[in-house]
Amino acid sequence: MAKKVNELEGVNYEVLFAGRSNVGKSSIIRGITGKNVKVGKRPGVTLKPTHIRNSDLVVTDLPGFGFMSGVKDRKQDIVKDQIVRYIEQNADRISIAVLVIDGAVFLDVVKRWEERNEIPIDIELFELFRELGVDTILAVNKTDKIKDSELNETLDGICDKLGMLPPWKQWLDSVAPVCAKKGDLKSLKALIRQRLHAAKRDDLFRYF
Ligand SMILES: Nc1nc2c(ncn2[C@@H]2O[C@H](COP(=O)(O)OP(=O)(O)OP(=O)(O)O)[C@@H](O)[C@H]2O)c(=O)[nH]1
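Small disclaimer: the values here were computed from a predicted structure and weren't measured. (Residues numbered from 1 in each chain as written. Predicted model: local features only at pLDDT ≥ 70, side-chain atom pairs only at ≥ 80, totals over all residues.)

**Describing the overall build of the protein chain**
Summing up its helical and strand segments, the protein chain has 6 helices and 6 strands in all. In the protein chain, 69% of the contacts between residues at least 6 apart in sequence involve partners at least 24 apart. (Helix = DSSP H or I, 4+ residues; strand = E, 2+ residues; numbered from the N terminus. Contact = placed C-beta atoms within 7 Å.)

Set out below in structure tokens:
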């Protein structure tokens, strides 16, 4: 029988992207790596992580969780379990986790979950990364849909929900407001580059 090839063998540096469906994760990964992770991927239905490898670096796109049209709740639970299992099993290798949220709707989504006495999966994942000691960046996407006059207040509210005491500007080393639609990913790229530099992996700069 043919030996199963481990596509991640030799990988030393993993940048993991996680986020609810439709938050713009694929757009961000495309904007950062120039690679399209969505090829052959049915939106919201892919259960397996997608990898983009460059030498010993891998960028991993986890399946989107939450909204999946036509997908039953049971399957959504399976997706969540698989995401959690992937993170737990690979925590030692994951150098950076980027949790992508839709800044325009995040607080409303959290409110809906809290009204049902439930913790949103985004918040659970953020806490899981913290527990596992994974360096985590919060990418707040779709800032074009937030009024300029409300941006600071919204970012403060988001940080508060994730256990980071406002004002959000105290957390500039881990919070990146971005707009993938306009290609404005400067703050996120800078934070990833900062980590690569700290890990003496400047050789991977060109990748970001
Ligand atoms: N207004 C706005 N829309 C965006 C932005 N980034 C992405 N989108 C749109 O949001 C939708 C979802 O983007 P994707 O990149 O496919 O999101 P995803 O999180 O990978 O989605 P899944 O495949 O379902 O997990 C698309 O219609 C994008 O054009 C943004 O910064 N602003």
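Now that the structure is up, let's keep going.
**Let's talk about the site of the ligand**
Neighbouring residues of the ligand: 18 residues in total, closest G24, S26, S27, G64 and K181. With 3 residues, the top contributor of residues to the shell around the ligand is helix α1 (residues 25-33). Its residues placed into classes, the shell around the ligand shows 4 nonpolar, 9 polar and 5 charged. (Near = placed C-beta within 6 Å. Nonpolar A, V, L, I, M, F, W, Y, C, P; charged D, E, K, R; others polar.)

**Here's the deal with the pairing of strand β5 (residues 135-141)**
Buried residues dominate β5, accounting for 6 of its 7 residues. In terms of strand pairing, strand β4 (residues 94-102) meets β5 through 7 bridges, oriented parallel. Each bridged residue has a counterpart across the sheet, and for D102 the counterpart in β5 is N141. Note that β5 and strand β6 (residues 175-177) share 3 bridges and pair parallel. Among the inter-strand pairings, V140 is bridged to a residue of β6, identified as P177. (Buried ≥ 20, exposed ≤ 12 C-beta atoms within 10 Å, placed from the backbone. Pairing = 2+ DSSP bridges.)

**Some points on the environment of V175**
On the secondary structure map, V175 appears in strand β6. Residue class for V175 comes out buried when judged on the 21 C-beta atoms lying within 10 Å of it. Along the backbone, V175 and D203 are 28 residues apart, and their C-alpha atoms lie at a distance of 24 Å. Those residues in contact with V175 that sit more than four places away from it in its chain are L138, V140, L155, C159 and W168.

**Some thoughts on the nonpolar core**
Soluble globular proteins tend to pack their nonpolar side chains together in the buried interior. V98, L99, L138, A139, V140, A176 and V178 are the most contacted members of the largest nonpolar core, which totals 46 residues. At 7 residues, the largest contribution of residues to this core is made by β4. Ignoring sequence-local partners within four residues, the contact set of A139 consists of I28, V98, L99, V100, A176, V178 and L188. (Core = buried A, V, L, I, M, F, W, Y, C linked by C-beta atoms within 7 Å.)

**As for the confidence of the model for the protein chain**
Mean pLDDT over the protein chain: 89, with 88% of residues reaching 70 or higher. Prediction confidence for the complex, expressed as pTM and ipTM, is 0.93 and 0.97 respectively. (pLDDT = per-residue confidence, 0-100.)

**Topic: the sheet that holds β6**
One open sheet holds the 6 strands; their spatial order is β2-β3-β1-β4-β5-β6, and the pairing between them is mixed. Pairing within the sheet leaves two strands with one partner each, and these edge strands are β2 (50-54) and β6. Between one strand and the next, the sheet's axes are offset by a mean angle of 20°, whatever the strand orientation. Bridging between β2 and strand β3 (residues 57-61) involves 5 bridges; their strand directions are antiparallel. Bridging from a neighbouring strand, I52 pairs with V59 of β3. In the packing of helix α4 (residues 121-132) onto the sheet, the strands contacted are β1 (13-19), β4 and β5, and the crossing angle to β4 comes to about 160°. (Axes fitted to C-alpha atoms, helices over the stretch in contact; angles between N-to-C directions.)

**A closer look at the packing of helix α3 (residues 106-115) against helix α5 (residues 148-161)**
With their axes 10 Å apart at the nearest point, α3 and α5 run at an angle of 40° to one another. Compared by their axis directions, α3 and α5 come out oblique. The two elements α3 and α5 meet at a crossing, and its hand is left-handed. Side by side, α3 and α5 meet where F106, L107 and V110 of the first sit next to T154, G157, I158 and K161 of the second. Of the residues in the contact of α3 with α5, the class split is 4 nonpolar, 2 polar and 1 charged. (Parallel < 35°, antiparallel > 145°, perpendicular 65-115°, else oblique. Left-handed = near helix turned anticlockwise from the far one by under 90°.)

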